[in-house]
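Summary of structural features
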Amino acid sequence: SDQDIQKLTIGYGTMETNQGGAYVWNETAVKDHTETDNDDGTATYTVTINEGLTFSDGTPITAANYLAQVMAFSTPVAVAAGMPGTMGQSFVGYKEFNAYTGEEAEGTSKIFSGIRLLDEYTFSVTVSSDYLPYYFAYTYAAFDPAPLGLWLGDGVEIKDDGEGCYFTGDFTAATVGDQVNTARYASDNRRSAGPYTLVSFDKQSLQATLEINPNYAGNFEGQKPSIEKIVVT
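Predicted, not measured: the structure shown is a model, and the values here were computed from it. (Residues numbered from 1 in each chain as written. Predicted model: local features only at pLDDT ≥ 70, side-chain atom pairs only at ≥ 80, totals over all residues. Heavy atoms only, no water.)

1. Observations regarding the nonpolar core
Put simply, the rule reads: Here, nonpolar core means buried Ala, Val, Leu, Ile, Met, Phe, Trp, Tyr and Cys residues that are tied together by side-chain atoms lying within 4.5 Å of each other. Each residue's exposure class comes from its accessible area (1.4 Å probe, protein chains only) as a fraction of the maximum for that residue type: buried when under 20%, exposed when over 50%, partly exposed otherwise. Labels follow the DSSP assignment, with helices taken as runs of H or I lasting at least four residues and strands as runs of E lasting at least two, numbered in each case from the N terminus. When checking whether two residues touch, look at their non-hydrogen atoms; a contact exists if any pair is within 4.5 Å.
Core analysis: the largest hydrophobic core is formed by 48 residues, its most contacted members being Tyr 66, Phe 91, Ile 115 and Ile 158. When residues of this core are traced back to their parent elements, those giving at least two are strand E4 (43-49), helix H2 (63-72), helix H3 (76-80), helix H4 (94-99), strand E5 (115-119), strand E6 (122-127), helix H5 (148-152) and strand E8 (165-167). The greatest single-element share of this core, amounting to eight residues, is contributed by H2. Not counting the four nearest positions on each side in its chain, Ile 115 is found in contact with Leu 67, Val 70, Met 71, Phe 91, Ser 124, Val 125, Asp 160, Gly 164 and Cys 165. With seven residues, the next largest nonpolar core counts Tyr 196, Leu 198, Ala 208 and Val 232 among its residues.

In structure tokens, the structure reads:
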């Protein structure tokens, strides 16, 4: 049931699966996308999302929202919260970024060079040659948006000065580790980008209540939900 709830509350992925199970570009979320094979054997995927998308509470969705989870889950902070910390391992610069603990040291970097925030609605990822060729390589560009505060904590943002993305503020296990761990299990009134929002979860009865997200613009076909409330037990 956890996966069912997750599918109902996640939306605007750059890619979604169609009725046949194949990945397709989600034109409801994606305005433009390109793939570039680089001379060094890497490949860069650039994605521009549509303007005007919002979370269930009306908060605008921008390119940074698509990068929050992959960056947060590629750090020692994620490991401290009980996760592998390997989500971005296929991208250039992962090894150095993953080794960064808050202080500059040889072989570490606070900048994730293979992940770029090009403008407010455009991002790119560069896949390492170690992970290419790959038949489903296009799925390296499959990302879902998440509220920045959910995984990054208050006051932490994603910036890019031209060399790759990094976190502003003090993003370490000591400062935001508890926030990341709490966010993994947050339920009541959790902001959603999908067709439904999780209104409440009764831990005693293990009953989850979901209601339609009024700001949801539709899936890759533009389809929207019609059942007002869903109760999962």
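2. Here we look at the sheet that holds strand E3 (residues 30-37)
What counts is decided by this rule: Here a strand pair is declared whenever DSSP counts at least two bridges between the two strands. All axes here are fitted lines through C-alpha atoms, helices being fitted over the stretch that makes contact, and every angle between N-to-C directions spans 0 to 180 degrees.
In spatial order, the strands read E3-E4-E6-E5; together these four strands make up an open sheet with antiparallel pairing. Of all the strands in the sheet, the pair left with one neighbour each is E3 and E5. Taking each pair of neighbouring strands and ignoring which way they run, the sheet shows an average axis angle of 15 degrees. The pairing of E4 with E6 spans six bridges and is antiparallel. Note on E6: the bridge partner recorded for Ala 43 is Val 127. The strands that H2 touches are E4, E5 and E6; relative to E5, the one it contacts most, it runs at about 165 degrees.

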